[in-house]
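Coordinate analysis (summary)
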Amino acid sequence: MKSLKLNIGKKLDRRQFLKASGLASAALGSAGLGFFGYEAGKDPESYSGWENFEGANQTFNRKRKSVDQPTYEKVGSATRPDARTEVIFQRRSLFMRQWKDESGLEGMDDYLQEYYRNKPEDLELDLYSMKELMPKLMADSRKYRDKFLLANAWSNAMGAVSPRPINEPPEKSDFPSQRRFGGPTEPAKMKSPELTSKLIKKVAHALGSTLVGIAKLNPDWVYLYPMRGRGFEPNEPIEVPKHWQYAIAVGTPMSWDPMYANPNYGTSNDAYSRSRIIAFRLASFIKQLGYAARPHTPGTSYDLMVPPILVDAGLGEQGRPSIVITPELGNNFRPAIITTNLPLKPDKPIDFGVQRFCKTCKICAENCPSGAISFGDKVEVRGYLRYQVDTAKCLNFWNSTLGSMGCRLCVAVCPYTRKANWLHKAALKVSVNDPTGIADWALTGLQKRFYPGPDPQKYYMPSLGGENASYRKPPWWLRAEDFIES
Amino acid sequence: MNFFNSGLFWFIEGIFACLVVIGLKIWMEDRGIPMPFWKWLLFGLWVLFFGFTIAFIGTNIGENEAAAAVKGGILFGLISVILGVGLWRLLLIRPKTK
């Protein structure tokens, strides 16, 4: 024992000790980095969630990437959209009500007849949904109901609270009323649009909005038909109300773990509900200042197209799946818009490389089970170039799965939709600041090889040959089999 | 906020890094191998890449992305080993004596 001590004492002189410490430090430091990574990977704060209030998650330095012109391109004369036919939810709903086998197209409203004559492929898809898909969905839903009971319960819970729908015309419902709101009917004299914008953004963040931006409203984005409070089928195209001068865009993300288990366990209802309530509250705040405000909220209570407004407001860029991709949340968010005459200073659009990235990435198109997302280049839609999404195919896939309302696979697989930890933040930084496109190419390649999903056909319900698959495993609290006896 | 996301963690990592540098310096001195700035630079870059590899694996395990952890671990780990062996041979170069 004594000789051992002496040996150690002899070996561990100062230099020996420092060398041994260096070796031990290398091992401990490496282990520490591994644990750091592990904690960063599972840290709930990296979930890009709305829970971080008051703007803490709107982190991207937009000034560095701001541009004078938005990244969409106007190539022809713009026409406003007829939401009755071009918004799939409205068209499908009209189709279900008006289609009769005995009269066919002849029994439908003129504008629907015209639409289907111009787009017979959509008639085929709408008919397929009604006659084949829905009966199969009903049968499979009964069979596998228990498996998705918690996911559906969660979705319904998030959608359970909803403000009263707006049924009055804009000139009535948008303006403050002394009786109803108790605030001033004369507009408050605001010191400057800059200050007002700062105030509105702070309030939106304080209300729980993760993202907020402001745009001058481009009338091209307002529906030609219909408008809440103006009837569904007016004789003339609806004029854009004069007091819709600015658009405030707000957005909140969908909860991370369910979103990553799309299509069967995710839901849009959580972000829908949060954004809806924020928009109604912000509209109320503006009305209290004596100005007009109208919330346009998800799921379908819009009088305008939302994605281009988000682009105008500098929140992000419209990507291949047609929805907007933001630097902070990717496309994992659901927006709402407030139109107002409150004088504001609009934000500038941003260009952080999405157009270039989406041109070559195509991960969303590869993973889209329905083939709704195009592999091709942009096409002209109502005077603007954009990637075309076949919304009828998209909705038909929604009705080919048993989970809670919808699909959102294009959200889950998008390389921009990643947790806000060091790894993905670094990847975003590299991609955004590389002018050559090499980083995009490398990151897309790594994404495809490192984070693959199941074969897209497995997402379908069993009666359509699928396996009820999800992109990733559902979170423990949505696995019904662990809580409910079958 | 847990320990591994805290400032204290990075402070301790910094101490470890200093000890590694001191240890390497003494080890090289004892063997009479000079360490010019370019060797330190290459060593620093390799440490950064190796650290990235370890943290990449840990992060993907934390994210429940086991496939990415394994594939990334193999790819970046292999690159680390190859670069590490090359670097080690470079570090051991002694000046030619007549």
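Computed from a predicted model, the values in this text were never measured in an experiment.

**Structural notes on the overall build of chain A**
- Summing up its helical and strand segments, chain A has 19 helices and nine strands in all.
- When the backbone C-alpha atoms are referred to their principal axes, chain A occupies close to 105 × 60 × 50 Å.
- Residues counted as buried form 53% of the 486 residues belonging to chain A.
- The long-range share in chain A, meaning contacts at least 24 apart out of those at least 6 apart in sequence, stands at 78%.
- With the model as given, the accessible surface of chain A reaches about 22,600 Å², and the carbon-plus-sulfur share is 56%.
- Separation of charge centres in chain A, based on 67 positive and 51 negative side chains, amounts to 10 Å.

**Let's talk about the confidence of the model for chain B**
- Scored by pLDDT, chain B has a mean of 92; 97% of the residues are at 70 or more.
- Scored by ipTM, the complex comes to 0.89, with pTM at 0.90.

**Digging into the packing of aromatic side chains**
- This model, assessed by the stated rule, comprises 35 aromatic pairs over all chains.
- An angle of 85° between the planes, with centres 4.8 Å apart, marks the rings of Phe397(A) and Tyr460(A) as edge-to-face. In this pair, Phe397(A) sits in helix H16 (residues 391-398) while Tyr460(A) sits in the segment after helix H19 (438-450), placing the two residues 63 residues apart along the sequence. Per residue, the accessibility class of Phe397(A) equals that of Tyr460(A), and both read buried.
- An angle of 85° between the planes, with centres 5.9 Å apart, marks the rings of Trp422(A) and Phe52(B) as edge-to-face. One end of the pair, Trp422(A), is in helix H18 (residues 422-433); the other, Phe52(B), is in helix H2 (residues 37-62), on a second chain.
- Exposure remark for Phe52(B): the relative accessible area of 26% places this residue in the partly exposed category.
- Among the aromatic side chains, those forming a connected cluster through ring pairs are Phe35(A), Phe36(A), Trp422(A), Phe450(A), Phe3(B), Phe4(B), Phe9(B), Trp10(B), Phe49(B), Phe52(B), Phe56(B) and Phe76(B).
- The residue whose ring lies beneath Arg472(A) is Tyr260(A), and the NZ or CZ to ring-centre distance is 5.8 Å.
- We note Arg31(B) situated over the ring of Trp27(B); from NZ or CZ to the ring centre the distance is 3.8 Å.

**What about the environment of Met158(A)?**
Residues and elements named next belong to chain A.
- Take Met 158: it is sitting in helix H7 (residues 149-158).
- Classification of Met 158 as buried rests on a relative accessible area of 17%.
- Met 158 sits 111 residues away from Asn 269 along the chain, and the two C-alpha atoms are 5.5 Å apart.
- Once residues lying within four places of it in the same chain are set aside, the contact partners of Met 158 are Asn 269, Asp 270, Ser 273 and Arg 274.

**What to know about a nonpolar patch on the surface**
Residue and element names in this part refer to chain B.
- Residues Phe 37, Trp 38, Leu 41, Leu 42, Leu 45, Leu 48, Leu 90 and Ile 93 make up a contiguous nonpolar surface patch of roughly 800 Å² in combined accessible area.
- Among the elements that line the nonpolar patch, the one with the most residues is H2, at six residues.
- The class of Leu 41 is exposed, set by a relative accessible area of 51%.

**So, the sheet that holds strand S7 (residues 334-340) of chain A**
Residue and element names in this part refer to chain A.
- Strands sit in the order S2-S3-S7-S4 across an open sheet of four strands; the sheet is antiparallel. The sheet terminates laterally at strand S2 (211-216) and strand S4 (293-296), the two strands that pair on one side only. Across the sheet, the mean angle from the axis of one strand to that of its neighbour is 20°, orientation sign disregarded.
- Helix H10 (residues 193-206) contacts S2 and strand S3 (246-252) of the sheet and is inclined by roughly 145° relative to S2.
- Lying on the sheet, helix H12 (residues 269-288) is in contact with S3, S4 and S7; it crosses S7 at an angle near 15°.

Quick notes on the rules
Residues numbered from 1 in each chain as written. Chains lettered and ligands numbered in written order. Predicted model: local features only at pLDDT ≥ 70, side-chain atom pairs only at ≥ 80, totals over all residues. Heavy atoms only, no water. Helix = DSSP H or I, 4+ residues; strand = E, 2+ residues; numbered from the N terminus. Buried < 20%, exposed > 50% of the residue type's maximum accessible area, 1.4 Å probe, protein only. Contact = heavy atoms within 4.5 Å. Areas by Shrake-Rupley, 256 points an atom, 1.4 Å probe, with all protein chains shown as cover. Lys, Arg positive; Asp, Glu negative; His and termini not counted. Charge placed at Lys NZ, Arg CZ, Asp CG, Glu CD. pLDDT = per-residue confidence, 0-100. Phe/Tyr/Trp six-rings, centres within 6.5 Å; stacked < 30°, edge-to-face > 60°. Lys NZ or Arg CZ within 6 Å of the ring centre and 35° of its normal. Patch = residues over 30% accessible without salt bridge, like charges linked within 9 Å, V, L, I, M, F, W, Y side chains within 5 Å. Salt bridge = Lys/Arg side-chain N within 4 Å of Asp/Glu carboxyl O. Pairing = 2+ DSSP bridges. Axes fitted to C-alpha atoms, helices over the stretch in contact; angles between N-to-C directions.

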